[in-house]
Amino acid sequence: MIELLFEPGDLARLRFARSPMQELVSSVRVADHAGRVRMHQPWVRSVRGGVSALRLDLLRALLGDRRYVPEFLAPAPDRMDTRFGDELARVRSTPGEVVRAQLDLLGKPLPEALLPLYEDPERHLGRLAAEIQAYWQVAIEPIWSRLAGLLDAEIGHRADQLTSGGIVRLLGNLHPELEYAEDALRILWPTWQSRNRLEGAGLLLVPCVFAWPSLLVDTSPECPALIYSPRGVGQVWEGTARVTVPPVADLLGRSRAALLVKLDLPLSTTQVARDLGLSAASVSEHLSVLRRSGLVTSRRSGRQVLYQRTALGTDLLGAATTGRDDRAATIR
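Quick summary incoming for the structure in this document. (Residues numbered from 1 in each chain as written. Predicted model: local features only at pLDDT ≥ 70, side-chain atom pairs only at ≥ 80, totals over all residues. Heavy atoms only, no water.)

### Comments concerning the overall build of the chain
Across its full length, the chain holds 15 helices and 11 strands. Over its C-alpha atoms the chain spans a radius of gyration of 22 Å, differing by no more than 12% from the 20 Å that the globule rule assigns to 332 residues. Judged by the C-alpha coordinates and their principal axes, the chain covers about 70 × 50 × 40 Å. In the chain, which comprises 332 residues, the proportion classed as buried is 47%. In the chain, the share of contacts with a sequence separation of at least 24, taken over all contacts with a separation of at least 6, comes to 68%. Of the accessible surface of the chain, which amounts to about 16,300 Å², a share of 51% is contributed by carbon and sulfur atoms. (Helix = DSSP H or I, 4+ residues; strand = E, 2+ residues; numbered from the N terminus. Rg over C-alpha atoms; globule rule 2.2 N^0.38 Å. Buried < 20%, exposed > 50% of the residue type's maximum accessible area, 1.4 Å probe, protein only. Contact = heavy atoms within 4.5 Å. Areas by Shrake-Rupley, 256 points an atom, 1.4 Å probe, with all protein chains shown as cover.)

### What to know about the packing of aromatic side chains
Aromatic ring pairs are defined here through the distance separating the ring centres and the angle between the ring planes. The tally for this structure, following the rule as stated, stands at five aromatic pairs. Centroid distance Phe-84 to Trp-136: 4.1 Å. Interplanar angle 5 degrees. Geometry classified as stacked. With Phe-84 in helix 5 (residues 84–92) and Trp-136 in helix 8 (residues 121–140), this residue pair connects regions lying 52 residues apart in the sequence. By the ring-pair criterion, three or more aromatic residues cluster together here, those being Phe-84, Trp-136 and Trp-144. The ring of Tyr-118 has Lys-108 lying over it, and the distance from NZ or CZ to the ring centre is 4.7 Å. (Phe/Tyr/Trp six-rings, centres within 6.5 Å; stacked < 30°, edge-to-face > 60°. Lys NZ or Arg CZ within 6 Å of the ring centre and 35° of its normal.)

### Here we look at the side chain of Glu-3
Mapping Glu-3 onto the fold places it in strand 1 (residues 2–5). The exposure class of Glu-3 is buried, given its relative accessible area of 10%. One polar contact links Glu-3 to Arg-186, side chain to side chain, over a distance of 3.0 Å. Leaving out residues up to four positions away in the same chain, Glu-3 has contacts with Ala-184, Leu-185, Arg-186, Ser-194, Arg-195 and Asn-196. (Polar contact = N/O pair within 3.5 Å; in protein donor to acceptor, adjacent residues only side chain to side chain.)

### Regarding the sheet that holds strand 7 (residues 215–218)
With mixed pairing, four strands are arranged side by side in an open sheet as 2-6-8-7. Since the sheet does not close on itself, it has two edges, and those belong to strand 2 (14–16) and strand 7, each with one partner. On average, each strand axis in the sheet is inclined to that of its neighbour by 20 degrees, with strand direction left out of account. When strand 2 meets strand 6 (residues 203–207), the two strands line up parallel, connected through three bridges. Bridging from a neighbouring strand, Leu-14 pairs with Leu-203 of strand 6. Sheet contacts for helix 9 (residues 144–172): strand 2, strand 6 and strand 8 (225–228); angle to strand 2, the most-contacted strand, approximately 160 degrees. (Pairing = 2+ DSSP bridges. Axes fitted to C-alpha atoms, helices over the stretch in contact; angles between N-to-C directions.)

### What about the sheet that holds strand 10 (residues 296–301)?
One open sheet accounts for three strands, arranged 9-11-10; its pairing is antiparallel. Across the chains shown, the open sheet's two edge strands, defined by having one partner strand only, are strand 9 (267–268) and strand 10. Contacts between helix 14 (residues 280–292) and the sheet are confined to strand 10 and strand 11 (304–309), with strand 10 contributing the most and set at about 115 degrees to the helix.

### Overview of helix 8
Regarding helix 8, the residues found buried are Pro-121, His-124, Leu-125, Leu-128, Ala-129, Glu-131, Ile-132, Tyr-135, Trp-136, Ala-139 and Ile-140. Considered in projection along helix 8, the buried side chains sweep an arc of 165 degrees and stay on one side of the axis. (Arc of directions from axis to C-beta.)

### Concerning helix 13 (residues 269–276)
Buried within helix 13 we find Thr-269, Gln-271, Val-272 and Ala-273. Those residues of helix 13 that are buried lie in contact with helix 9, helix 12 (254–262), strand 9, helix 14 and strand 11. Gly-277 sits one or two positions beyond helix 13 and adopts a positive phi of about 70 degrees.

What follows is the structure, encoded as structure tokens:
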């Protein structure tokens, strides 16, 4: 069991963030061991061809130890809405002594693929960054809006839990392998024995779709963190197929109907516009109409406004589909 011991100052520094780089790192392991995680099979099938064409020697070698990931590869996000480009820049600028110290924790001998990085970190971090960038473009960027939508929904849900039930409710049902009591968060891993005082560093909570169903723990004193799988992971892959315009398009119009289908997760105007191939101005106008009609709701998250389908909107889609099926049955 791993214990994280809170003091009053640590509870005040409990915070959430999402991390594109953490999603990327976790997804590489999913792609390389696809048979272990059935939940992510739709994504694995969709990216298999593109990923197999990439040279990822450094990235895969860094992820070869399932018990430890060098921290410079997935630095703790420093803000809630951290961007991939910012995280990649932090990886590329890691000091050489930090790279070597963390590679030493992988044990000896190092995999042959990592020797150049150990001997000349400044030079080969650029090569690592190029591998990460290429993988991002093929495997994560096309689905990032869906991932970000689910992560934002998760963080919003946890904020509501904190408001209504406090820290006990927030941490008590975060993950089946966690329990919180008497100012201690316990990770129920029987083969581990560790007791760590947070000492004012607080705790960073990072929901990660590709972590499912696992829980990842970072007990580093600078930034202790838990990476856990959010609620509703299956929703991400349900929405990766091409949007089919539902029968309600006859009432709402094709664009508004497609938009309503897309908003099963909270998404921004920019995300929806990119996914549907529409202009941001057009999407904004459609969203205003849907919101006034009670089919879409909105809430602010940092600098973004996120939109999501309401229960009424979901009922309308379902009723339209049911009506079509009933007509088909009557004709037959």
